[in-house]
Each structure stands twice: as C-alpha cells, then as structure tokens.
Amino acid sequence: QVQLVESGGGLVQAGGSLRLSCAASESIFSFNLMGWFRQAPGKQRELVADITSGGNTRYADSVKGRFTISRDKAKNTVFLQMNSLKPEDTAVYYCNGRRGAWNDNWGQGTQVTVSS
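Keep in mind that what you see is a predicted model, and the values were worked out from it rather than measured. (Residues numbered from 1 in each chain as written. Predicted model: local features only at pLDDT ≥ 70, side-chain atom pairs only at ≥ 80, totals over all residues. Heavy atoms only, no water.)

A.B. asks: Would you mind going over the sheet that holds strand E3 (residues 18–24) with me for this structure?
C.D. replies: Two pairing modes exist for strands in a sheet, parallel and antiparallel, and in both the strands are linked by backbone hydrogen bonds. If you walk across this open sheet you meet the 4 strands as E1-E3-E8-E7, and the pairing is antiparallel. For this open sheet the edge positions go to strand E1 (4–7) and strand E7 (67–72), each flanked by a neighbour on one side alone. Strand-to-strand twist in this sheet, taken as the mean axis angle between neighbours without regard to direction, amounts to 20°. (Pairing = 2+ DSSP bridges. Helix = DSSP H or I, 4+ residues; strand = E, 2+ residues; numbered from the N terminus. Axes fitted to C-alpha atoms, helices over the stretch in contact; angles between N-to-C directions.)

Right, here's the structure in full:
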C-alpha cells in the first residue's frame, strides 16, 4: 500500500505562510484524488483541499482563497501552500490519495501551529 510522508509544518505567527509537502511511494497520478486533511485538537479530521489527476482543485470554505494545493510530477510530490494563516488552522496536516476510497494507511502528518 501507499506510504505517504508529510513535511514542512512548523510554528508560525498569524498571517504567516507555510508550504507543506507530501511524498508518496506510489505515483500520485494513480489516484483519482490527492488531498490534504487536517485534524485539530479535539476535532475530527477534515478534508481541506484536493486535486484530481487532471489538476482540478477544490477547497474547504474555511481555507478557500488562502490555501493552494499543487503537485510536482517529477518529484511525485503534492504540496499545500498555506498563506494568511490563522490560529484556527492549527492542526496536524495529512495527505492522502483516493481511488475508490481514501487510502487507509495514514502517514505521520506534520504539525502546523499558528500563534496569535
């Protein structure tokens, strides 16, 4: 099964930016969707952005206009550019791929902490 390794998280001040990376052990184009999820303390994991194999993107309302999902075919890596970060963006961020369903082998995630 696919292995996913997230990186790029850290501690930033509100209004700052981070770029998260997700390296996959299988081609990211072998999935119908690649997505970024986040899980804040005490909350359910939620999908914040996804991208189809054709490059179409979608965003949760909470991040629309601030986050951008993209990919690099040569690096087989999916990115999440996060701008204008808010304290409520604080969460562990995970990437995943979907064929018939989201892959069930979640990576370690990367912590994003936004201070006020």
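A.B. asks: What exactly am I supposed to notice about the pattern of salt bridges here?
C.D. replies: Pairing of side chains with opposite charge becomes possible as their charged atoms draw close. Evaluated as defined, the whole model comprises 6 salt bridges. The salt bridge partner of Arg-66 is Asp-89, with a shortest N-O separation of 2.7 Å. Of this pair, Arg-66 sits in the loop between strand E6 (57–59) and E7 while Asp-89 sits in the loop between strand E8 (77–82) and strand E9 (91–98), placing them 23 residues apart in sequence. Given a relative accessible area of 9%, Arg-66 falls into the buried group. One salt-bridge network, in which partners are shared between bridges, spans Arg-38, Glu-46, Arg-66 and Asp-89. (Salt bridge = Lys/Arg side-chain N within 4 Å of Asp/Glu carboxyl O. Buried < 20%, exposed > 50% of the residue type's maximum accessible area, 1.4 Å probe, protein only.)

A.B. asks: What is the right way to read the pairing of E3 from this model?
C.D. replies: As a general feature of sheets, a regular strand has side chains that alternate between the two faces. Burial within E3 is extensive, with 5 of its 7 residues counted as buried. Summarising the sheet, E1 and E3 pair through 4 bridges and their orientation is antiparallel. Residue Val-5 lies in a different strand from E3, and its bridge partner there is Ala-23.

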